[in-house]
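Observations on the model geometry
Residues per chain are reported as follows:
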Amino acid sequence: IWYNTERQRIPEIPEKAEMPIYLQKRQKRMLTSITGINWGDEGKGKICDLIAPEFDCVVRYQGGNNAGHTIVVGDKKYGLHQVPSGVMYPDCVSVIGNGCVVNPAVLLEEIDMFEGDGISTANLKVSGNAHVIMPYHVDLDGAYEELLGKNNIGTTKRGIGPCYQDKMARIGIRMQDLMDEATFREKLEIALARVNPQLERIFDMPAYTVDQICETYLPMAERLRPYICETGLLLNNLVEEGKEILFEGAQATLLDIDHGTYPFVTSSNCTAGGAVTGSGVGMKNIDRVLGIMKAYTTRVGSGPMPTELDYETSDEGRTLTEVGHEYGVTTGRRRRCGWFDGVIARYATRVNGLTDIALTKLDVLSEFDTVKVCVAYDCDGVRYTSVPEHTAAFARAVPVYEELPGWKCDITGCRTFEELPQAAQDYVTYVENLAGCKVSFVAVGPDREQTIVRDWNK
Ligand code: GDP
Ligand code: IMO
Ligand code: MG
């Protein structure tokens, strides 16, 4: 047997001890999907960690360690790449679903970090069908980027694209293959017969041997074995038991391989639909989709971004970057910043079928006398109120702005919507109307506590 059947058993899930009042109001059991609205880093980790106590299970359904989700609790800060943000609550089952790609070394590092901090990972489950990121995927990611030259995607160079490429070509190596040495060696041999000539002849990089990779991967496989499980079965059993599940998206709508700004995207379906294929849970079960939307726009990597403000020449752009600490959790790169883009917000509402929005980092806008919001694009003289499908049009989109009054005061201590200054309330209502979806949470700081729960359980 290639993995521990013990892990297939549904763990006992105790009743939640201390449930915050706002969470107690809920009438109905439901499965919720969280998804990023823009180009990532909207604060998915923070919101997921905030609402995780409502759920019995949190599932990552796509992406790999290209994600960097920050959780701040008091003076402790965690940057998670592989494990779901529910891991902070050991009673909550954390699942890395079949739609994910997994770097075993990074996953083990995170497990060790949590165990070292006294946070148990006993309830972490990893799908036997998730694909394994191999060292050559990382090499090829860098090599392909170099080949693209000035047209590079600006990937995280974590091997995500090449790993998904192998998956789609049906030659990938899955976690279950890694659990059986003979299968792993056999699959690896075939993979290297294809990869090594590429590395050596095209990119002038060193080749790999089967033994060399086995030496590092097989010991990691042994450590990961207790976590591997048929997560599709586990999740559907939880659904049948009436347990509540939260799906935690990584990346975001405009980085989605189908609905994003292709080719400047990641290699998975980050939009809400990915929760279904990436987990094995049927879509009739998901009755709420929560989009995480920043109060302004950021992007890491290449590709068009209509509202971008140049860091070097725009004071406003620099203020957003520095006040918002807009530096990547995964690669440390400075994020490109710009004003809120209402066209993207509306698009994301449609593509994901949003029922709720969490508007994050509103506190960062407290710096400004007035705040701009993009309400439409002008593309070569044509007005667009939806994201143009044609890449060239989107690349030339000039934002049409509305200017709203700022509030110029510290809002990080506000805990109810009414405590926000009127101008900040008006801003939230304005973007809500633009997006066409209600804003149920407003985040006013990085800490779990710094959140206004406005309209979540109604
Ligand atoms: P994710 O990838 O969507 O989970 O987001 P990241 O963690 O990459 O980036 C979001 C950053 O903003 C992190 O540093 C968070 O701690 C921080 N953050 C989240 N919400 C807020 C907020 O409302 N205000 C401020 N100032 N920071 C926030
Ligand atoms: P979270 O989950 C922001 C971007 C990269 C690059 C493109 C493709 O923290 O929001 P990849 O390595 O996936 O092939 O890179 O996608 N990217 C992200 N940008 N946040 C992320 O994750 C990202 N994951 C990938 O910068 O432009
Ligand atoms: Mg991030």
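Presented here is a report on the structure given in the accompanying data block. Note that this is a predicted model, so its numbers are computed, not measured. In this numbering scheme, every chain counts its residues from 1 along its sequence in written order. Lettering for chains starts from A, numbering for ligands starts from 1, and both go in the order in which the items are written. Whole-chain, interface and lining totals are the exception, using all residues; otherwise, since this is a predicted model, local features are given only for residues with pLDDT of at least 70 and side-chain atom pairs are given and counted only at 80 or more. Hydrogen atoms and water are omitted, and side-chain values are computed over all heavy atoms in the structure.

1. Details of the overall build of the protein chain
For the protein chain, the count of helices and strands is 14 helices and 21 strands. The C-alpha atoms of the protein chain give 22 Å as radius of gyration, which agrees with the globular expectation for 458 residues (23 Å, within 12%). Relative to its full complement of 458 residues, the protein chain shows a buried share of 59%. It only takes one pair of heavy atoms within 4.5 Å for two residues to be counted as in contact. Across the protein chain, every contact between residues at least 6 apart in sequence was considered, and the portion connecting residues at least 24 apart equals 76%. Only DSSP runs of H or I with at least four residues qualify as helices, and only runs of E with at least two residues qualify as strands; both kinds are numbered from the N terminus onward. When we talk radius of gyration, it's over C-alpha atoms, and the globule rule is simply 2.2 Å times the number of residues to the 0.38. Exposure is judged per residue with a 1.4 Å probe applied to protein chains only, and the accessible area is read against the type maximum: over 50% gives exposed, under 20% gives buried, and values in between give partly exposed.

2. Examining the packing of aromatic side chains
Side-chain rings of Phe, Tyr and Trp (the six-membered ring for Trp) are treated as a pair once their centres are within 6.5 Å; stacked means planes under 30 degrees apart, edge-to-face means over 60, and tilted covers the remaining angles. Under the counting rule described, the total for this entry stands at eight aromatic pairs. Aromatic side chains Tyr-377 and Phe-394 sit 5.8 Å apart centroid to centroid with 65° between the ring planes, which places their arrangement in the edge-to-face category. One end of the pair, Tyr-377, is in strand 17 (residues 370-379); the other, Phe-394, is in helix 13 (residues 391-395), with 17 residues separating them in the sequence. Taken individually, Tyr-377 and Phe-394 each receive the classification buried, so the pair is uniform in this respect. Throughout this description, the term charge over a ring refers to an Arg CZ or Lys NZ atom that lies within 6 Å of the ring centre and within 35 degrees of the ring normal. Positioned above the aromatic ring of Tyr-311, the side-chain terminus of Arg-334 is 3.6 Å from the ring centre. Seen from the ring of Phe-417, Arg-454 lies directly overhead, with NZ or CZ sitting 4.0 Å from the centre.

3. Some details on the site of ligand 1
Here a residue is near a molecule or strand as soon as one of its heavy atoms is found within 4 Å of it. Taken together, 18 residues lie around ligand 1, and Lys-44, Gly-45, Gly-68, Thr-70 and Asp-363 are the ones closest in. Whenever a nitrogen or oxygen atom comes within 3.5 Å of another N or O atom, the pair is scored as a polar contact, on the condition that within protein one atom can donate a hydrogen and the other can accept it, and that pairs from neighbouring residues in sequence are kept only if both atoms are in side chains. At 2.9 Å from an oxygen atom of ligand 1 is found a side-chain nitrogen or oxygen belonging to Asp-41. Measuring from an oxygen atom of ligand 1, one finds a backbone N or O atom of Lys-44 at 2.8 Å. Only the protein chains shown count as covering a residue, and every accessible area follows the Shrake-Rupley method with a 1.4 Å probe. Protein contact buries 93% of the 590 Å² of open area that ligand 1 shows by itself. Elements represented by at least two residues in the shell around ligand 1 include exactly helix 2 (44-51) and strand 3 (69-73). Under this grouping Gly is polar, as are all residues other than the nonpolar Ala, Val, Leu, Ile, Met, Phe, Trp, Tyr, Cys and Pro and the charged Asp, Glu, Lys and Arg. When grouped by side-chain class, the residues that make up the shell around ligand 1 number five nonpolar, six polar and seven charged.

4. A look at the sheet that holds strand 12 (residues 297-299)
Strand pairing is assigned whenever DSSP identifies at least 2 bridges connecting the two strands. Taken together, the three strands give an open sheet; going across it, the order is 12-14-13, and neighbouring strands pair in antiparallel fashion. Sheet topology places strand 12 and strand 13 (308-309) at the edges, where each strand pairs with a single neighbour. Note that strand 12 and strand 14 (residues 336-338) share three bridges and pair antiparallel. Paired with Thr-297 across the strands is Gly-338, a residue of strand 14. The strands touched by helix 11 (residues 315-323) within the sheet are strand 13 and strand 14, with strand 14 carrying the most contacts at an inclination of about 115°. What counts as an axis is a line fitted to C-alpha atoms, over the stretch in contact for a helix, and the angles between N-to-C directions run from 0 to 180 degrees.

5. A short note on the site of ligand 2
Close contacts around ligand 2 come from 20 residues, with Lys-44, His-69, Thr-156, Gln-251 and Thr-266 the closest. Taking Thr-266, its side chain carries an N or O atom lying 2.6 Å from an oxygen atom of ligand 2. One of the backbone nitrogen or oxygen atoms of Val-300 is found 3.1 Å away from an oxygen atom of ligand 2. Protein burial of ligand 2: of its 550 Å² of free accessible surface, 97% is covered by the chains. Partitioned by chemical class, the residues of the shell around ligand 2 number seven nonpolar, 10 polar and three charged.

6. Here we look at the nonpolar core
We call a set of buried residues a nonpolar core when its members are Ala, Val, Leu, Ile, Met, Phe, Trp, Tyr or Cys and they connect through side-chain atoms within 4.5 Å of each other. Counting 60 residues, the largest nonpolar core has Tyr-136, Met-175, Phe-184 and Leu-188 as the members making the most contacts within it. The element best represented in this core is helix 8 (residues 210-224), accounting for eight residues. Residues Met-293, Ile-411, Ala-423 and Val-444 belong to the second largest nonpolar core, which totals 59 residues.

7. A word on the pairing of strand 5 (residues 93-96)
Burial along strand 5 is two-sided: Val-93 and Val-95 facing one way and Ser-94 and Ile-96 facing the other are all buried. Where strand 2 (residues 57-60) lies against strand 5, four bridges are found, and the strand directions are parallel. Residue pairing across strands places Val-58 opposite Ser-94, the latter belonging to strand 5. In this sheet, strand 7 (residues 124-127) lies alongside strand 5 in parallel orientation, the contact comprising three bridges. Within strand 7, the residue paired with Val-95 across the bridge is Lys-125.

8. A look at the side chain of Asn-65
By the secondary structure assignment, Asn-65 is in the loop between strand 2 and strand 3. Those residues in contact with Asn-65 that sit more than four places away from it in its chain are His-81, Gln-82, Asn-103, Val-106, Ile-133, Arg-158, Ile-160 and Thr-330.

9. Focus on the coordination of the magnesium ion (ligand 3)
Counted as coordinating are nitrogen, oxygen and sulfur atoms within 2.8 Å of the metal, or 3.2 Å for Na, K and Ca, while water is not included, which may make sites look incomplete. Taken together, Asp-41 (OD) and Gly-68 (O) make up the full set of protein donors to the magnesium ion (ligand 3), lying 2.0 to 2.2 Å away. Taken as a pair, Asp-41 in the loop between strand 1 (31-36) and helix 2 and Gly-68 in the loop between strand 2 and strand 3 lie far apart in primary sequence, 27 residues in all.

10. Section: the sheet that holds strand 5
The 10 strands are arranged 9-7-5-2-10-1-11-16-20-21 in an open sheet whose pairing can be described as mixed. Single-partner strands in this sheet number two, and they are strand 9 (228-229) and strand 21 (451-453). Direction of pairing for strand 2 relative to strand 10 (residues 245-248): parallel, over a ladder of four bridges. Bridged to Cys-57 within strand 10 is Ile-245. Helix-sheet contacts for helix 9 (residues 231-240) involve strand 1, strand 2, strand 5, strand 7, strand 9 and strand 10, and the interaxial angle to strand 5 is about 140°.

11. Concerning unusual backbone geometry
Glycine aside, a negative phi is what most residues show, and trans is what most peptide bonds show. In this structure, Pro-263 follows Tyr-262 across a cis peptide bond, with omega equal to 5°. Tracing the sequence through the fold places Pro-263 in the loop between strand 10 and helix 10 (274-277). With a phi angle near 65°, Arg-170 is a residue other than glycine that sits in the positive phi range. By secondary structure assignment, the location of Arg-170 is in the loop between helix 5 (160-168) and helix 6 (175-178). For Gln-251, which is not glycine, the phi torsion reads 55° and is therefore positive. Summarising the element assignment, Gln-251 is placed in the loop between strand 10 and helix 10.

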